[in-house]
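# Structure assessment
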Amino acid sequence: MTRSSLTTPPPGAVVPAAHPGAPAPGATLASHYSRCFGCGSDHPTGLHLTARTPDGTTVEAEFTVGEAHQGAPRLAHGGVLSAAMDEVIGMSVYLFRKPYVTGRLETDYLLPVPVGTTLHLRAWCNGIMGRKAYLEAEGRVGAPDGPVAVRAAALFIEVDMAHFAKHGDLAVITAEHHDYEVNP
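Criteria and thresholds
- Residues numbered from 1 in each chain as written.
- Predicted model: local features only at pLDDT ≥ 70, side-chain atom pairs only at ≥ 80, totals over all residues.
- Heavy atoms only, no water.
- Helix = DSSP H or I, 4+ residues; strand = E, 2+ residues; numbered from the N terminus.
- Buried < 20%, exposed > 50% of the residue type's maximum accessible area, 1.4 Å probe, protein only.
- Contact = heavy atoms within 4.5 Å.
- Areas by Shrake-Rupley, 256 points an atom, 1.4 Å probe, with all protein chains shown as cover.
- 1 Å grid on protein atoms, 1.4 Å probe; cavity = no way out; pocket = protein on both sides within 12 Å on 5 of 7 lines; lining within 4 Å.
- Points joined across faces, edges and corners; volume = space filled by probe spheres on them.
- Nonpolar A, V, L, I, M, F, W, Y, C, P; charged D, E, K, R; others polar.
- Pairing = 2+ DSSP bridges.
- Salt bridge = Lys/Arg side-chain N within 4 Å of Asp/Glu carboxyl O.
- Axes fitted to C-alpha atoms, helices over the stretch in contact; angles between N-to-C directions.
- Phe/Tyr/Trp six-rings, centres within 6.5 Å; stacked < 30°, edge-to-face > 60°.

## A few points about the overall build of the protein chain
If you tally the helices and strands in the protein chain, you get three helices and seven strands. Listed N to C, the secondary structure of the protein chain is β-β-β-α-β-β-β-β-α-α in terms of helices and strands. Looking at the protein chain residue by residue over its 184 residues, the buried ones come to 41%. Long-range pairs, those at least 24 residues apart, make up 67% of the contacts in the protein chain between residues at least 6 apart in sequence. Roughly 8,700 Å² of accessible area belongs to the protein chain as shown, and the carbon and sulfur atoms make up 57% of that amount.

Here is the structure:
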């Protein structure tokens, strides 16, 4: 994966252990917002990712490329693939029980992904230092051990819930809030 120094953990960054209050290994993660393009079940053309954690430290999900997700004829749009990477990485920070936002996302496209293909996504954290989390993800074609079609490295920044209230819709945040998304 081609990575910049901005998505590479600095010396001293700590790889987090499973948080005691995180969803249990094997648990399915709820969407953080029902109309989210990435994980929301109510978004009409969204990715509809359903994620789970196999071990309390990584997240896995599947995404099937639909007609609405194509760029070139019958091929997934690169921006949609990047959005899938951002979403699975964003879901992995739920496991820390702190709210984060994407600061930087770097994506490498290794194989074309045809419409109808199921991508098996996996995300993990390489280290945390202060408010910065350094994460990676990969998307494999057809099976969890299939060929890697897309990889991503990201820098996420810890924020407080006031960030979402200031820049978003406080009523929706309150109505759809999940315990594991915030600091205990």
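Further notes follow.
## Quick word on the layout of surface pockets
Reported here for the second largest pocket is a volume of approximately 210 Å³. Here the lining of the second largest pocket takes three residues from strand E5 (residues 118-129), the largest share from any one element. Here the residues of the lining of the second largest pocket sort into ten nonpolar, five polar and two charged.

## With respect to the pairing of strand E6 (residues 132-141)
Burial within E6 is extensive, with seven of its ten residues counted as buried. Pairing of E5 with E6 involves ten bridges; the strand directions are antiparallel. Counterpart to leucine 121 in the pairing with E6 is glycine 139. In sequence, E5 turns back onto E6 through a hairpin of two residues, with glycine 130 there showing a positive phi of about 60°. Between E6 and strand E7 (residues 148-158), which follow one another and run antiparallel, lie six residues, and glycine 142 among them has a positive phi close to 80°.

## Things to note about the pattern of salt bridges
Counted according to the given criterion, the structure contains six salt bridges. Where arginine 52 meets glutamate 62, a salt bridge forms, and the shortest distance between an N and an O atom there is 2.5 Å. Separated by ten residues along the polypeptide, arginine 52 in strand E2 (residues 50-52) and glutamate 62 in strand E3 (residues 59-64) bring together distant segments of the chain. By relative accessible area, glutamate 62 is classed as partly exposed at 29%. A salt bridge links arginine 122 to glutamate 138; its shortest N-O distance comes to 3.7 Å. A residue pair is termed long-range when its members are at least 10 positions apart, and arginine 122 in strand E5 and glutamate 138 in strand E6 qualify at 16 residues.

## Notes on the sheet that holds strand E1 (residues 28-29)
With respect to topology, seven strands assemble into an open sheet ordered E1-E2-E3-E5-E6-E7-E4, the strand pairing being antiparallel. The sheet terminates laterally at E1 and strand E4 (100-109), the two strands that pair on one side only. Relative to E4, helix H1 (residues 78-92) is tilted by about 135°, and along the sheet it contacts E1, E2, E3, E4, E5, E6 and E7.

## Quick look at the packing of aromatic side chains
Taken as a whole and judged by the stated rule, the model has one aromatic pair. A centroid spacing of 5.9 Å and a plane angle of 75° characterise the contact between phenylalanine 96 and tyrosine 100, whose relative ring orientation is edge-to-face. Pair check on accessibility: phenylalanine 96 and tyrosine 100 agree, each one buried.

## Things to note about the pairing of E3
Only one face of E3 is covered, namely the one carrying Val59, Ala61 and Phe63; the face carrying Glu60, Glu62 and Thr64 has none of its residues buried. The turn linking E2 back onto E3 is made up of six residues, and glycine 56 within it adopts a positive phi angle of 85°.

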